[in-house]
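Each chain is listed here by its residues.
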Amino acid sequence: MHCLRQRYGGNLIHSYAGPNMVVINPLSTPSMYSEKVMHMFKGCRREDTAPHIYSVAQSAYRNLLTTRQDQSVVLLGKSGSGKTTNCQHLVQYLVSIAGSTGKIFSAEKWQAVYTILEAFGNSSTAMNTNASRFSHVVSLDFDQAGQVASASIQTMLLEKLRVSRRPEAESTFNIFYYMMAGADSSLRTELHLNHIAENSAFGILPQSKPEDKQRALQQFTKLQAAMKVLGISGEEQKALWLILGAIYHLGAAGATKAGRRQFARHEWAQKAAYLLGCTLEELSSSIFKHQAKGLKRSTSFRGGPDEAGQGESSGSKVTALECLEAMASGLYSELFTLVISLINRALKSSQNSLCSLLIVDTPGFQNPRLAQQQRGATFEELCHNYTQERLQTLFHQRTFVQELERYKEENIELALDDIESSTSLSVAAIDQASTQALVRTLARTDEARGLLWLMEEEAVQPGGSEETMLERLFSYYGSAQGENKGTGLLLRGEKPHLFLLGHSHGTDWVEYNTQGWLSHAKHNPAAQNAATLLQDSQKKNISGLFMGRASGATVLSGSIAGLEGSSQLALRRATSMRKTFTTGMAAVKKKSLCIQVKLQVDALIDMVRRSKVHFVHCLLPKAEAVGGGDLRVTHGESPDSGLMTLDVGLLRAQLRGSKLLDALRIHRQGYPDHMVFSEFRRRFDVLAPHLTKKHGRHYLVTDEKRAVEELLESLELEKSTYHMGLSRVFFRAGTLSRLEEQRDLQTRRNISLFQAACRGYLSRQAFKKRKIQDLAIRCIQKNIKKNRGVKDWPWWKLFTTVRPLIEVQLTEEQIRGKDEEIQQLKQKLEKIEKERNELRLNSDRLESRITELSSELADERNTGESASQLLETETSERLRLEKDMKDLQTKFDSMKKQMESMEMEVMEARLIRASELNGEMEDDDTGGEWRLKYERAIREIEFTKKRLQQEFDDKLEVEQQNKRQLERRISDLQADYEESQRNIQQLKKKTQRLTAELQDTKLHLEGQQSRNHDLEKKQRKFDSELSAAQEEVQREKSLREKLAREKDMLTGETFSLRQQLEDKDLEVCAVNLKVDQLEAELLDLNSQESKDEASLAKVRKQLRDMEAKLKDQEEELDEQAGTIQMLEQAKLRLEMEMERLRQTHSKEIESKDDEVEEIRQSCNKKLKQMEVQLEEEYDEKQKVLKEKRELESKLLSAQDKVRGGDIETEKRLRKDLKRTKALLADAQIMLDHIKNNAPSKREIAQLKNQLEESEFTCAAAVKARKSMEVEIEDLHVQMEDISKTKQALEEQLSRLQREKNDLQSRMEEDQEDLNELMKKHKAAVAQSAQNLAQITDLQAQLEEALKGKQEILEKMQALQSQLEFQEQSMVEKSLVSRQEAKNRELETKLEFEKTQVKRLESLVARLKENLEKLTEERDQRSSSENREKEQNKRLQRQIRDIKEEMGELAKKEAEASRKKHELEMDIESLEAANQSLQADLKLAFKRIGDLQAAIEDEMESDDNEDLINSQGDSESDSEMEDRVDGVKSWLSKSKGSTKNLSDDGSLKSSSPPSQRRYCFDRSDEEKEEEEQEEGRATEGSYYSRYRYSSHMKDDDVEDRLYGTTS
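Cut-offs used in this document
Residues numbered from 1 in each chain as written. Predicted model: local features only at pLDDT ≥ 70, side-chain atom pairs only at ≥ 80, totals over all residues. Heavy atoms only, no water. Helix = DSSP H or I, 4+ residues; strand = E, 2+ residues; numbered from the N terminus. Buried < 20%, exposed > 50% of the residue type's maximum accessible area, 1.4 Å probe, protein only. Contact = heavy atoms within 4.5 Å. Areas by Shrake-Rupley, 256 points an atom, 1.4 Å probe, with all protein chains shown as cover. Pairing = 2+ DSSP bridges. Polar contact = N/O pair within 3.5 Å; in protein donor to acceptor, adjacent residues only side chain to side chain. Phe/Tyr/Trp six-rings, centres within 6.5 Å; stacked < 30°, edge-to-face > 60°. Expected span 1.5 Å × (residues − 1). Axes fitted to C-alpha atoms, helices over the stretch in contact; angles between N-to-C directions. 1 Å grid on protein atoms, 1.4 Å probe; cavity = no way out; pocket = protein on both sides within 12 Å on 5 of 7 lines; lining within 4 Å. Points joined across faces, edges and corners; volume = space filled by probe spheres on them. Nonpolar A, V, L, I, M, F, W, Y, C, P; charged D, E, K, R; others polar. pLDDT = per-residue confidence, 0-100. Patch = residues over 30% accessible without salt bridge, like charges linked within 9 Å, V, L, I, M, F, W, Y side chains within 5 Å. Salt bridge = Lys/Arg side-chain N within 4 Å of Asp/Glu carboxyl O. Lys, Arg positive; Asp, Glu negative; His and termini not counted. Charge placed at Lys NZ, Arg CZ, Asp CG, Glu CD. Arc of directions from axis to C-beta. Parallel < 35°, antiparallel > 145°, perpendicular 65-115°, else oblique. Left-handed = near helix turned anticlockwise from the far one by under 90°.

S.K.: Break down the overall build of the protein chain for me, with residues and values.
M.R.: A tally of regular secondary structure across the protein chain gives 40 helices and 17 strands. Going through the 1606 residues of the protein chain one by one, you find that 37% of them count as buried. Contacts in the protein chain between residues far apart in sequence, at least 24 positions, make up 76% of those at least 6 positions apart. Looking at the protein chain as shown, the accessible area adds up to about 95100 Å², and 53% of this sits on carbon and sulfur atoms.

Structure (structure tokens):
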């Protein structure tokens, strides 16, 4: 409860309860169902996801893909708990995540489906403003790829009577209000809705509030859009609106209450007939007459001939209004079935499917008292509650029964609590069938049967009524019957027609009102004529829809709709449902309206039971959230999310009714996950590669169990987390998921290795291919060279021209042959395709025919089996009756013979009597004396009879009195026994609860141990990773230093290179000057033809040397730039790796801190829980001891009563009286002797009070000692725990201190690195500025070079013109060639300058990128520094909190030690007092024993005197016996008290204070007798003195004891 309240307060409505999901319906619409959230759950395991309805869908979908087994999701809960909403979320998730081929199943289409279902199947109730009034199953069929291939919806248990009759303050279906509010003018005119009737027999009236009308208008528009999405045409929509309008007009027409059965308002009936496409006479005859004229018999299965006969017989009892209501409900049922078929038409597909997923949504538990309504529940609400009970029974069977049976089969002993029985008792009270259910008989038998069967029998029985039905139900299942009758779940109501039924294990009591229930079991022909009326309609759109649907079996007995579909899975579902309706009892009773309820639920349960079931429990947060108005708020307005929004009592009742805690307990205490040995070994042997290497991959073993044990030992699992069965291995919750996670990691690793091997192989193959290609290229090059050598050879030219001409003819013939072959193959292919298509169509047709024939064969077989069962039962019944008839015949014959013999004896007696009378008349004189004797004997006999009768009466009265006394005593003893039994049961329950809590604590302890084991593993792994990380950090430091050195060297080299570049620039300038000089020389050469050529050769040589130097410098610069780039990349990679390691390290530190905090909180919670449990156990122990003492006192009092009434003890005491006279004499002497020193009565009373106080103080001291010992033990345990926690906290503190120091050192290092980076950044900025300056210079140089180029071009043009002139002037050719060479050299220089400019531009871009990277690094460093500062602050706060906790623990330890010291001092003082008390007690016991021995010796010596005195005082013996009895009883009790004191060491007396008071009362009575009888004064004085002396001794002992205790 605490968990659910906390999560609900945080707007977390989903929670895991073991394998089940718990959803609390929120008052607002949460934003947790978006498409983004869907993709978060896609492909995840259940253990890796948070609780959500999407996780249930993902788990079912994942199981469906892995196991290829059908799955189902069942939603349970009360009405208004959000089952339909969660069903929509499940479907949307599956459709959007799984997808479909061609996207034929979109989320928009499913939204349209639910819009239509909500309009036609939902209504407003007292429990929910939008409640589903039907049960439906969404079937999603998946193909091999895991995509949705087809879908369908099956509906059942439609509350069709809601159209015409419903409870107060509830509405009809939503579609009527939508249609009346949203129909446009043309549709209104066509439906005759322009004029609304003032009143309606069905209560269908438009809404009065404007906001309701506006909402209904919007919903009608949305409904029309949804129908368009699903492909429902306008004519089909029009047919739907016509039928709905006809139903409305039938309600407006009404029916007569008396006289002839007909319409009350014929004008409205005429409108209804027009909309249905028939005449008013046909409509009236279909409704009010049993044999419809002109109408065919209904195609519905329920309209058989036997039912028609029953309708004729019972037609006079059906009123006109009931016939009208039956027609309206029949029309709406057919309409709803048509809507479902249209939806399935839009959802079906012809693709092949492999397995399916079912989602079951039924109306929730209905209880009008929960909505503050004072009415009884209806029959429809009983049906919905019965469906929920059956689903709860399925949950109980899957969760408890199957698990326990599996444990029993595998010989697994599991100490579980007594699992309560399922809800089968309340279910049996509704649907239990008798063994003679197959026999068609009207006789009422005494065999128990359920409510549905009783309704059917009472409806058929002539004098049946609801009262007789309830009487029979209570006689079968009432609490006054035997144990097998479901005691405690069926109670009578305050009124005769009410009864209470306990649902959900008796946590939800619903009061039902049975008035009018038998009408549900009677067949009404009007409901059966509705389908025929629609099929024979004159309107084509209506008749076309229903005639087409009549040919297919879409409805089973008018109850289950939506069995369309051509896929194999849909046919299989339809066949299984038909089998449910045609097997055994269903074949006979499927036409019964009441038994159809059971059959529909049986079909649903049978369909779900074939699959793997996932349960979702929807809980109602509070009753006010669903009753009355619409209290849901919008998405933007969130209500109060506090803890007070939950009704704790209602939520607790729902948890107890659903048995979620028991399911969670068996899930935690048991072994929910299990696998067969071979499957487990096959799946998880990848985690033990050494075993695989040892035995081989596919090794076979003789002992699978031993192999699995070796595998488990190699996996290092704890012994408590698994258990080996006979054929499979069982795991605790969560163990198998951890193994799966390890397997996934290992599989990823293996796949990565496999990918690496594959890539290596492919690379080697590619290398081989490249080698072959290289060889081929070389061969081609060689051939090309050869070809170039021979291409001008004439013979080769001749060969190349002749060769193609020779091959042309051959190739043309080959091409012609190939074309003919292609044509033949194409014809064959087309023929084969046609045959294949025909065969496919034939196979599909034959498959459909086979499925139809198989279904028909199954139906015939089932009917044959049912008929054979009927025949067998009838034959057995006939044989039994024949046997009974034979027995009766034999009895009759024997009785006849006895009667004849008796008649003969009577005749003989009469003859003898007559002869005797004749003889008496003859011998009258002689028989006088005998007559007198005879009369006297008769009188004596009568007298003795009276005397005996009187004695017998007296004895009988005495015996009756004794019997009454014994009965009173027996009743008292029985009451005591029952009370003790109740106490024992309470104690047993408490012990069971304590054992359950102990089991929970054990499981929690095991979980903590396993968690500690995992933490130790993680710690070791973390230490190893930390050491590796430290080593890597050291390596990175060394690399960083090396890189820094290399970078310094490179900076130096770049500086030198820049200087060299400047030098080269100077040289280029010099070269340009030289070029100018050469140009001048060229001019001189033009003027002077004879120039020295030696200078030109020298200049050329200098130019070549300079060009070579420039190329070498460029290569060196490129190499240095590449090395710089590689070093920068390595630096970035190292820095990223450092950042990643730092983040992982910080995350691990935070996770460890959270784990330590959780462990500390859990330890504190455990301590508090153990303290509370110990206090409760101590209180319960004290109660048990108190009850034990009371029982012992009762037993002692009963023994005393029995002993007081024993006669034999009185005789023995009379004999002992003679021997005690000497004792009395001695007592008198001692009393006289002590009388002088006797204290007053007040002192005696004070001593008595002191004695009692001392007893109480001693007992309290003993109790205090025990409690102190218990507290000391608890303090010892607490001290040990505190010391352990203290050590753990100290270790944690030291570890945190070390981590803090490490972090500080790392921060210092990072700070140094940051400083270095800042310096580098500044240097890089300066360098970039220099580079920018150089760039500007280079740009200027480039412009100058361009200008120079332009000038050189102009010069070249001039030189060309000069050359032309020189050529014209017959200049030497050598001079011209020299000028041309000079021009080429100048052009090459120009190109070189261009390339140099481009390289410089790329260098500038690279420097800019480096600058941006350095700025990003600086920002990252600053952010990491801030994070490390925050982490340091958090660690300091944690250390400060830990120090405060250490201080508090030290204070608690000091206080505990002080308490311990005080308790030890108290214990020492109590032990000293106890020793002194024991010594005094021993001394007192010794004195009492000596006194008793002396008294016995004197009794034996004075035996003779007692005999003499007894002869003289015989009259006073009886009076003295009582006094002596008191003395001896006191002596015996004093002995018993001494024994008890010596054995127990306590000062509790064995006799209660009442007995001591009894002794004092006896002494007072003796004083009164002394005053009355003076003759017995001496004996009385002796006795009183003896009693006084004995009490004085006792008081003396008690006084001494009191003194020691004080």
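S.K.: I'd like to hear about the pairing of strand E14 (residues 612–619), residue by residue, with values.
M.R.: For E14, the buried fraction is high: seven of the eight residues fall into the buried class. Of the pairings in the sheet, the one linking strand E2 (residues 20–24) to E14 comprises four bridges and is parallel in character. Within the sheet, the bridge partner assigned to Val-22 lies in E14 and is His-617. Two elements, strand E3 (residues 71–77) and E14, share seven bridges in a ladder whose sense is parallel. The residue of E14 that forms the bridge with Leu-75 is Val-616.

S.K.: Kindly report on the side chain of Glu-403, identifying the contributing residues and their values.
M.R.: Mapped onto the elements, Glu-403 comes out in helix H14 (residues 379–409). The exposure class of Glu-403 is buried, given its relative accessible area of 16%. Within the local environment of Glu-403, its side chain forms a polar contact with the side chain of Arg-406, the two groups lying 3.1 Å apart.

S.K.: I'd like a description of the packing of aromatic side chains, backed by residues and values.
M.R.: Under the definition given, this model contains 18 aromatic pairs. Between Tyr-33 and Tyr-54, the aromatic rings sit 6.0 Å apart at their centres with planes inclined by 80 degrees, giving edge-to-face as the arrangement. Here the residue Tyr-33 occupies a position in the loop between E2 and helix H2 (35–41), and Tyr-54 occupies one in helix H3 (residues 53–67), the gap between them amounting to 21 residues. For the pair formed by Tyr-33 and Tyr-54, the shared burial category is buried.

S.K.: Tell me about helix H4 (residues 83–98), and name the residues and values.
M.R.: With 16 residues, H4 extends 22 Å from end C-alpha to end C-alpha; this agrees with the ideal 22 Å at 1.5 Å per step. The buried fraction of H4 is high, at 13 of 16 residues. Among the residues trailing H4, Gly-99 stands out with phi positive, at a value near 75 degrees.

S.K.: Can you tell me about the environment of Asn-411, naming the residues and giving the values?
M.R.: Here Asn-411 lies in the loop between H14 and helix H15 (424–431). When the C-alpha atoms of Asn-411 and Gly-725 are compared, they prove to be 6.6 Å apart, with 314 residues separating the residues in sequence.

S.K.: Describe the sheet that holds strand E15 (residues 673–676), with residues and values.
M.R.: Here three strands make up an open sheet; going across it, the order is E15-E17-E16 and the pairing antiparallel. The open sheet is flanked by E15 and strand E16 (722–724), the only strands paired with a single partner. Across the sheet, the axes of successive neighbouring strands diverge by a mean angle of 20 degrees, strand direction being ignored. The pairing of E15 with strand E17 (residues 728–731) spans four bridges and is antiparallel. Residue pairing across strands places Met-675 opposite Val-729, the latter belonging to E17. Here helix H26 (residues 677–684) sits on the sheet in contact with E15, E16 and E17, set at roughly 95 degrees to E15.

S.K.: Before we move on, can you summarise empty space enclosed by the protein with the specific residues and values?
M.R.: Within this structure, the stated rule accounts for 14 cavities of 30 Å³ or more. Empty space within the largest cavity amounts to approximately 160 Å³. Taken together, 15 residues form the lining of the largest cavity, with Val-1075, Leu-1078, Glu-1079, Lys-1382 and Leu-1386 sitting closest to its centre. Mapped onto the lining of the largest cavity, the elements with two or more residues apiece are helix H31 (928–1087), helix H35 (1241–1368) and helix H36 (1373–1501). Among the elements that take part in the lining of the largest cavity, H36 stands out by supplying six residues, more than any other. Taken together, the residues of the lining of the largest cavity break down into eight nonpolar, two polar and five charged.

S.K.: Describe the confidence of the model for the protein chain, with residues and values.
M.R.: Here the protein chain averages 76 in pLDDT, and 77% of its residues register 70 or above. This stretch, residues 291–316, has a pLDDT under 50; its non-local contacts, to residues over four places away or in other chains, come to 44 contacts. Long-range and interchain partners of residues 625–644, a stretch whose pLDDT sits below 50, account for 38 contacts in this model, where long-range means more than four residues apart.

S.K.: Outline a negative patch on the surface, listing residues and values.
M.R.: A grouping of Asp-1112, Glu-1115, Glu-1116, Asp-1118 and Glu-1119 is seen on the molecular surface, where their side chains present a negatively charged patch. Within the secondary structure, Asp-1118 sits in helix H32 (residues 1093–1204).

S.K.: I'd like a description of H26, backed by residues and values.
M.R.: Residues three or four positions apart in an α-helix share a direction because the helix packs 3.6 residues into each turn. The complete set of buried residues in H26 reads Phe-677, Phe-680, Arg-681 and Phe-684. Summarising the axial view, the buried residues of H26 lie within an arc of 95 degrees, below the 170-degree limit, and thus occupy one face. Packing partners of the buried residues in H26 comprise E15, helix H28 (704–715), E16, E17 and helix H29 (735–790).

S.K.: Hey, could you go over a positive patch on the surface for me, with residue numbers and the actual values?
M.R.: A cluster of basic residues, Lys-1181, Arg-1189, Lys-1263 and Lys-1266, forms a positive patch on the protein surface. Elements represented by at least two residues in the positive patch include exactly H32 and H35. Here Arg-1189 falls in the partly exposed class, since its relative accessible area comes to 38%.

S.K.: Can you lay out the packing of H3 against H4 for me, pointing to particular residues and giving the numbers?
M.R.: Contact geometry for H3 and H4: axes closest at 9 Å, N-to-C directions at 50 degrees. The angle between H3 and H4 places the two elements in the oblique class. Where H3 crosses over H4, the two elements pack in a sense that is right-handed. Residues Ile-53, Tyr-54, Ala-57, Gln-58 and Tyr-61 of H3 touch H4, and the partners they reach there are Asn-86, His-89, Leu-90, Tyr-93, Leu-94 and Ala-98. Broken down by class, the residue content of the contact of H3 with H4 amounts to eight nonpolar, three polar and no charged.

S.K.: Residue-level account of unusual backbone geometry, with values.
M.R.: In this model, Ser-504 sits at a positive phi of 55 degrees, which is unusual for a non-glycine residue. Along the polypeptide, Ser-504 turns up in the loop between strand E10 (498–503) and strand E11 (508–513).

S.K.: Give a detailed account of the sheet that holds E11, specifying residues and quantitative values.
M.R.: Strand order in this open sheet of three strands is E9-E10-E11, and the pairing throughout is antiparallel. Whereas interior strands pair on both sides, the edge strands pair on one side only; in this sheet they are strand E9 (490–492) and E11. Adjacent strand axes in the sheet meet at a mean angle of 25 degrees, parallel and antiparallel pairs treated alike. The sheet contact formed by E9 and E10 spans three bridges and is antiparallel. Among the inter-strand pairings, Leu-490 is bridged to a residue of E10, identified as Leu-501. Contacts from helix H17 (residues 466–477) reach E9 and E10 within the one sheet, and its direction differs from that of E9 by about 135 degrees.

S.K.: Could you give an account of the environment of Arg-165, with specific residues and numbers?
M.R.: Turning to its location among the elements, Arg-165 is positioned in the loop between strand E7 (148–156) and helix H6 (174–182). For Arg-165, the contacting residues outside a window of four places in its chain are Glu-325 and Ser-519. Among the polar contacts made by the side chain of Arg-165, one reaches the side chain of Glu-325 at a distance of 2.7 Å.

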